[in-house]
There are 2 protein chains.
Amino acid sequence: MKKSLSKTPKGFLFSTIEAAIKKPGRKDLALICSEREAVASGMFTTNKIKAAPVKLDMKRIRTGRGQAIIVNSGNANACSGEQGMKDAAEMAALAAGALKVRDSRVYVCSTGVIGAPMPMERIGPKIPELVHNLGKSTIDEAAAAIMTTDTFPKVVSKSMRIGGKTVTISGICKGAGMICPNMATMLCFVLTDADIERKALDSALKSAVRRSFNRITIDGDMSTNDTVLALANGMAGNELIKEKSPAFAAFTAAFSAVAYGLSRMIVEDGEGATKFVEVVVKNAKTDSEAEKGAFAIANSMLVKTALYGNDANWGRLIAALGYSGITLKEEKVDILLNGIKIANKGLATGRDKEANEKLRSKEIKIVIDLGLGKGAAKVLTCDLTEGYIKINAEYRT
Amino acid sequence: MKKSLSKTPKGFLFSTIEAAIKKPGRKDLALICSEREAVASGMFTTNKIKAAPVKLDMKRIRTGRGQAIIVNSGNANACSGEQGMKDAAEMAALAAGALKVRDSRVYVCSTGVIGAPMPMERIGPKIPELVHNLGKSTIDEAAAAIMTTDTFPKVVSKSMRIGGKTVTISGICKGAGMICPNMATMLCFVLTDADIERKALDSALKSAVRRSFNRITIDGDMSTNDTVLALANGMAGNELIKEKSPAFAAFTAAFSAVAYGLSRMIVEDGEGATKFVEVVVKNAKTDSEAEKGAFAIANSMLVKTALYGNDANWGRLIAALGYSGITLKEEKVDILLNGIKIANKGLATGRDKEANEKLRSKEIKIVIDLGLGKGAAKVLTCDLTEGYIKINAEYRT
């Protein structure tokens, strides 16, 4: 088995191959397989338009079991009708047959252009070789094979000791827009050798996603293909983790750290982005109001362009809060930009020059104190630049 | 009185002057005054952060009466606290004093940077001269004085015959984003010599705004200063228009045409825009679902960049509908781009090359047929280009 640079949980094998799905020249088909059948959990796009593989996986995840994931980039298999559903099922069946595992334990993920038929004549014949090569690729190579406009592969691993056993959680993901229906899609696979109950895995996944992938935005568009899948094969040999186990909190924390690390990488790789931006809203009436306010700021094109221009333009921030629909008292709002208080109780402090200077940094932290309650939320985003326009205006040509 | 190029309703006079509010070199203070006190109606931003003049006008409009509007560009007088309220009131009082009209009949509008104190030391001393020069400017010059990043002044006039009398409705507006909290703001003034009841004017205004200014978007951001004010001075001498009058429908239609024409100009002048885009959603479950779907498309950065790139990327359109929250059946959706059916019943028609070619036009019409009910809506927008980024990243510097 090829040595991976990133730590990999026990019993997970990887394979990648070139199927020339969109065009030749790069590996665009990947397989992840556990030696043993695993507990599985998943979360999927809430977009009403769902890609064929999402529909397939949403059915299969109900079993709470899984063993393999076959992933292609270059074609989203979305808006592809009956034929798309057949193609997704066929990808799973071909992989299951060659792997000699149960068909229903194989998940399928696709990412790429919407509304184009899947080139099954090129994908199908490659699957036996893909399976044959299992173990010859590393987790890092799998992360590279699922990239689209990503500029770097995204892998995060955490290990912990649970009752004398080492448990590892590794995640890979792709996506350079949170949500880029045409070219991207966020796909994430979290693999662990932990022995954990299905209910506990579901709960850890939900909690991790809520504060990671559901708290990032590049452009406010939501994909038809977004998928997060978790497989736990139990091969670490730890005592079974249940929701009430003492180890559950540590497992969930490590799982959340992996998810947060990956989601942060997605934002850092945001299309055309030059700055990584944290938006913290605190002392809101509720957590959910804080989140709503933070997203209004993070999605505002005027805010994102001001950050790009190193412009401490707090009027755009407070205006975004104003239209977000949350409870707000103008005369209580404090705003800090990279530590400089630019607005105090809703009024300008006049520290524009200092703040503009601080905004030259590649990392921006916006803190809004609403002075109303105890609600808080953090959303990650990036600036909006000519690079984003260029990538998305020219993507298909 | 200076001859205006655009038709002007009887009894309205204009004046403009340079007050060097943001910087010297252009006229940035305008006055509109009716010879007679007029019936007044207004609509204001729903942003919870409201500029001081918006707060002032919202109180005064309750009287249903008005005679003058004083407008400045260069400073929004928003997030300016107690002092901002005093400054707005002082602008009105100085104008009222010099005009010898009742203070409460003068409205104030400001547009420009948020969170900066008003330079009253420069504005105040100019007001007597502004009033003295009343009648020396045209409506076109008033439209020019209220511009910020607008590249052309916006004036639309309509006349009609009501019971043997000529009634004229003229509107001017500014705004190169629907909603640009920092630099712009949409301001619109509709002036008419019609004799019309307050309730009828309110109703005509509401109906016109719903299908014009409330159906456009440049960037999805909402201003703290958006204002539409209508003054009707009755000097046409027509029989009083009431909601039940036969003339009411004609008046409302003309009023709506003025508002629609102005809102269309705002989109045409969208910051950095190279294309004017109509998004029509039809056969939705309801009108309001159609509107929601059309706005999701019109606000999608991925759609707007694709249009800029002449890319018939219908996947981005259907994905935006999918996350808009409206009722949707993928297998019923038809999509037309400038007359080319690019998707039929949710599936690609393969006419991409033809459609890409048609998208090279400066005017784009997107028609989405949801095939569900009878709801319909049209939203106007523009493409998203490097020009928008440039304008908004560099605006304050």
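Predicted model only: the values in this text are computed from it and were never measured.

Some thoughts on the overall build of chain A
Alright, step 1. When you go through chain A residue by residue, the secondary structure sums to 12 helices and 14 strands.
Alright, step 2. The C-alpha atoms of chain A give a radius of gyration of 22 Å, which matches the 21 Å a tight globule of 397 residues would have.
Alright, step 3. Each principal axis of the C-alpha atoms in chain A carries an extent, and together these give about 70 × 55 × 35 Å.
Alright, step 4. In chain A, which comprises 397 residues, the proportion classed as buried is 62%.
Alright, step 5. Partitioning the intrachain contacts of chain A with sequence separation of at least 6 by distance along the chain shows that 80% fall at a separation of at least 24.

A closer look at the relation of the copies chain B and chain A
Alright, step 1. At an RMSD of 0.0 Å, chain B and chain A line up after a rotation of 180 degrees and a shift of 0.0 Å along the axis. Taken together, these values place the two copies in the relation of a two-fold axis. For chain B, the minimum C-alpha distance to the rotation axis belongs to Glu386 of chain B and amounts to 2.4 Å.
Alright, step 2. Taken as a fraction of all interface residues of chain B, those also at the interface in chain A reach 100%, which identifies the copy contact as same-surface.

Observations regarding the confidence of the model for chain A
One rule of thumb: low pLDDT means the predicted coordinates there are not for detailed reading.
All names here are of chain A.
Alright, step 1. Mean pLDDT over chain A: 91, with 94% of residues reaching 70 or higher.
Alright, step 2. The model gives residues 178-184 a pLDDT under 50, and that stretch makes 42 contacts with residues more than four places away or in other chains.
Alright, step 3. In the model output, the complex is listed with pTM 0.83 alongside ipTM 0.80.

Description of the interface of chain B and chain A
Alright, step 1. Across the contact, 51 residues belong to chain B and 51 residues belong to chain A.
Alright, step 2. Mapped by element, the contributors of at least two residues to the side of chain B that touches chain A are α9 (301-308), α10 (314-323), β12 (347-348) and α12 (386-394) of chain B.

Focus: the sheet that holds strand β9 (residues 276-284) of chain B
Residues and elements named next belong to chain B.
Alright, step 1. The strand order β12-β11-β10-β13-β9-β14 describes an open sheet built from six strands, whose pairing is mixed. Looking at which strands have only one partner, the edges of the open sheet turn out to be β12 and β14 (375-382).
Alright, step 2. Pairing analysis gives two bridges linking strand β11 (residues 340-344) to β12, with the strands arranged antiparallel. Within β12, the residue paired with Asn344 across the bridge is Leu347.
Alright, step 3. Across the sheet, helix α8 (residues 287-299) is in contact with β9, β13 (363-369) and β14; its angle to β14 comes to roughly 25 degrees.

A closer look at the sheet that holds strand β9 (residues 276-284) of chain A
Residue and element names in this part refer to chain A.
Alright, step 1. Strand order in this open sheet of six strands is β12-β11-β10-β13-β9-β14, and the pairing throughout is mixed. Across the chains shown, the open sheet's two edge strands, defined by having one partner strand only, are β12 (347-348) and β14 (375-382).
Alright, step 2. Looking at chain direction, strand β10 (residues 334-337) and strand β13 (residues 363-369) are connected through four bridges and run antiparallel. Among the inter-strand pairings, Asp334 is bridged to a residue of β13, identified as Asp369.

Thresholds, definitions, all that
- Residues numbered from 1 in each chain as written.
- Chains lettered and ligands numbered in written order.
- Predicted model: local features only at pLDDT ≥ 70, side-chain atom pairs only at ≥ 80, totals over all residues.
- Helix = DSSP H or I, 4+ residues; strand = E, 2+ residues; numbered from the N terminus.
- Rg over C-alpha atoms; globule rule 2.2 N^0.38 Å.
- Buried ≥ 20, exposed ≤ 12 C-beta atoms within 10 Å, placed from the backbone.
- Contact = placed C-beta atoms within 7 Å.
- Least-squares fit on C-alpha atoms with pLDDT ≥ 70 in both.
- pLDDT = per-residue confidence, 0-100.
- Pairing = 2+ DSSP bridges.
- Axes fitted to C-alpha atoms, helices over the stretch in contact; angles between N-to-C directions.

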